[in-house]
Amino acid sequence: MKKAVFVYSPEQLGYKFSDTHPFNHKRLTLTMDLLRKINALDETAIIPARIATDEELLLAHEAKYIEIVKKAGHGELRENQGEPYGIGTEDTPIFENMHEASAQLVGGTLTAVDAVMQGHAEHALNLGGGLHHGFQGRASGFCIYNDSTVAIKYLQQKYGARVLYVDTDAHHGDGVQWSFYDDPDVCTLSIHETGRYLFPGTGNITERGSGAGYGTSFNFPIDAFTEDESFLTIYEQAMREVFEFFKPDVVLTQNGADAHFFDPLTHLYGTMNIYEEIPKLAHKLAHEYCGGKWIAVGGGGYDIWRVVPRAWSMIWTEMTDQPLPTGALPKDWLDRWQPEAPVPLITTWQDPSPLYEAIPRKAEIEEKNAMMLDKALHIIRNTK
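Residues numbered from 1 in each chain as written. Predicted model: local features only at pLDDT ≥ 70, side-chain atom pairs only at ≥ 80, totals over all residues. Heavy atoms only, no water.

### Some words on the sheet that holds strand β2 (residues 46-47)
And then number 1: In spatial order, the strands read β2-β1-β3-β8-β7-β4-β5-β6; together these eight strands make up an open sheet with parallel pairing. Whereas interior strands pair on both sides, the edge strands pair on one side only; in this sheet they are β2 and β6 (217-222).
And then number 2: Alignment of strand β5 (residues 186-193) against β6, held across six bridges, turns out to be parallel. Bridge pairing in β6 places His192 opposite Pro221. (Pairing = 2+ DSSP bridges. Helix = DSSP H or I, 4+ residues; strand = E, 2+ residues; numbered from the N terminus.)

### Points about the nonpolar core
And then number 1: Of all hydrophobic cores here, the largest spans 79 residues; its most connected members are Phe6, Phe220, Phe231, Met239 and Trp316.
And then number 2: Those residues within four positions of Phe231 in sequence are excluded, and the remaining contacts are Thr168, Ile191, Ile222, Thr226, Ala259, Ile274 and Ile278.
And then number 3: Membership of the second largest hydrophobic core comes to 53 residues, among which are Phe23, Ala60, Val116 and Ala121. (Core = buried A, V, L, I, M, F, W, Y, C linked by side-chain atoms within 4.5 Å. Buried < 20%, exposed > 50% of the residue type's maximum accessible area, 1.4 Å probe, protein only. Contact = heavy atoms within 4.5 Å.)

### Quick notes on the state of the cysteines
And then number 1: Enumeration over the complete set of coordinates arrives at zero disulfides.
And then number 2: Cysteine Cys290 remains unbridged, with the sulfur of Cys187 as its closest cysteine sulfur at 11 Å. (Disulfide = S-S within 2.5 Å.)

### Overview of the environment of Ile379
And then number 1: Here Ile379 lies in helix α12 (residues 378-381).
And then number 2: When its relative accessible area of 16% is taken as the criterion, Ile379 is described as buried.
And then number 3: The contact partners of Ile379, leaving out residues within four places of it in the chain, are Arg208, Tyr214, Gly215 and Phe218.

### Focus on the packing of helix α7 (residues 228-246) against helix α8 (residues 272-290)
The description of two helices packed together rests on the angle between their axes and the distance between the axes.
And then number 1: Contact geometry for α7 and α8: axes closest at 11 Å, N-to-C directions at 10°. As far as their axial angle goes, α8 and α7 are roughly parallel. Side by side, α7 and α8 meet where Asp228, Phe231, Leu232, Tyr235, Glu236, Met239, Arg240, Phe243 and Glu244 of the first sit next to Asn273, Ile274, Glu277, Ile278, Leu281, Ala282, Lys284, Leu285, Ala286, Tyr289 and Cys290 of the second.
And then number 2: Residue composition of the contact of α7 with α8, grouped by class: 13 nonpolar, one polar and six charged. (Axes fitted to C-alpha atoms, helices over the stretch in contact; angles between N-to-C directions. Parallel < 35°, antiparallel > 145°, perpendicular 65-115°, else oblique. Nonpolar A, V, L, I, M, F, W, Y, C, P; charged D, E, K, R; others polar.)

### Observations regarding the side chain of Thr188
And then number 1: Here Thr188 shows up in strand β5.
And then number 2: A relative accessible area of 7% means that Thr188 is categorised as buried.
And then number 3: Excluding anything up to four places from it in sequence, Thr188 contacts Tyr165, Val176, Gln177, Thr216, Ser217 and Phe218.

### Observations regarding the pairing of β5
And then number 1: Among the eight residues of β5, eight are classified as buried, and the element is accordingly described as predominantly covered.
And then number 2: By the bridge criterion, five bridges tie strand β4 (residues 163-167) to β5 in an arrangement that is parallel. Paired with Val163 across the bridge in β5 is Val186.
And then number 3: The parallel pair β4 and β5, bridged by helix α6 (residues 174-179), forms a crossover whose chirality is right-handed. (Right-handed = clockwise from strand over helix to strand, strands pointing away.)

### Some details on the environment of Tyr275
And then number 1: Mapping Tyr275 onto the fold places it in helix α8.
And then number 2: Exposure remark for Tyr275: the relative accessible area of 6% places this residue in the buried category.
And then number 3: Distance in space between the C-alpha atoms of Tyr275 and Ser313 is 9.4 Å, their sequence separation being 38 residues.
And then number 4: Ignoring anything within four residues of it in the chain, the contact list for Tyr275 reads Gly256, Ala257, Asp258, Ala259, His260, Ala311 and Met314.
And then number 5: At 3.0 Å, the side chain of Tyr275 and the backbone nitrogen of Ala259 are in polar contact. (Polar contact = N/O pair within 3.5 Å; in protein donor to acceptor, adjacent residues only side chain to side chain.)

### Observations concerning helix α4 (residues 98-117)
And then number 1: End to end, α4 covers 29 Å across 20 residues, agreeing with the expected 28 Å (1.5 Å per residue, within 8%).
And then number 2: The positive-phi residue at the C-terminal boundary of α4 is Gly119, with phi of around 80°. (Expected span 1.5 Å × (residues − 1).)

Geometry only, nothing functional implied.
Here's what the structure looks like:
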């Protein structure tokens, strides 16, 4: 059994709305190149992403919606026909072969699932996945098909697994949460910037699940301008208590890298410190509770030059028990990409300090977040 596999196919880069759209999978190329430059990604660890079948997509999406996506990508939609499905909007503009590109991302996550569940690897990483806003019959938030929802349904159907889904993207993992809101065998945990300020506006602590699934939806909406210490306190406490409460067979983590100070779409003040710690604890708890079964996907992350390659590289080095990268980034990586980058690249693995001016409301934000954490975990603590 391999320690971990890295799922990737060049076709994943076909998921591209436009040259100016915030969602840009060039970040996959940047991350892989960085890992190769530090000799952390062995070519034998890379396995190709397959394309998801229509039958697999139907685990999470309506047939009519899949048909609309196919027509859109082949230039067969009438004007405004896709808008009720979230297709052809400002967030999700139409691009050529959008069904095929989207199904490739889903297939990558299913490839990761099979690698872990069939015992080929303890862990698997598909950075092309993590499109957590997609709904049954509607695209949303740059997400056409929801690979995590499909993967969890697939884990249930094919492997009878009890699944914990952990989402540390700055945006609430709404599409996945609502898909399993009444399912007692899937637990969703999302740490995100409060919806008072940020898309999609959901993810309140009162969203706890319904029916048989009540008590299996956990949301930790943090305040704007939250910094590393408060973020990591919430992350560690939430992860430990939810793992112990739910006792999953497998964990699927969504690793959006948009809680960083540099991210242009969010208002959090994270640094590279959180991206060092997030995979460490996920790895540790996967071994404690799931026999090591850990599947990780990408997600948000809109500073593709200064943040995403460093953050995502740390998932892979953690998965493969390699030392945490420190010091300077490889000169040949910096020389290769700086001419293309619209901003000066960060030249070290850790962020320069101080990265930003002190936050006047720091104590107030931390107190607010601590109170939120207690309320969000109340349902677990009351059952002990």
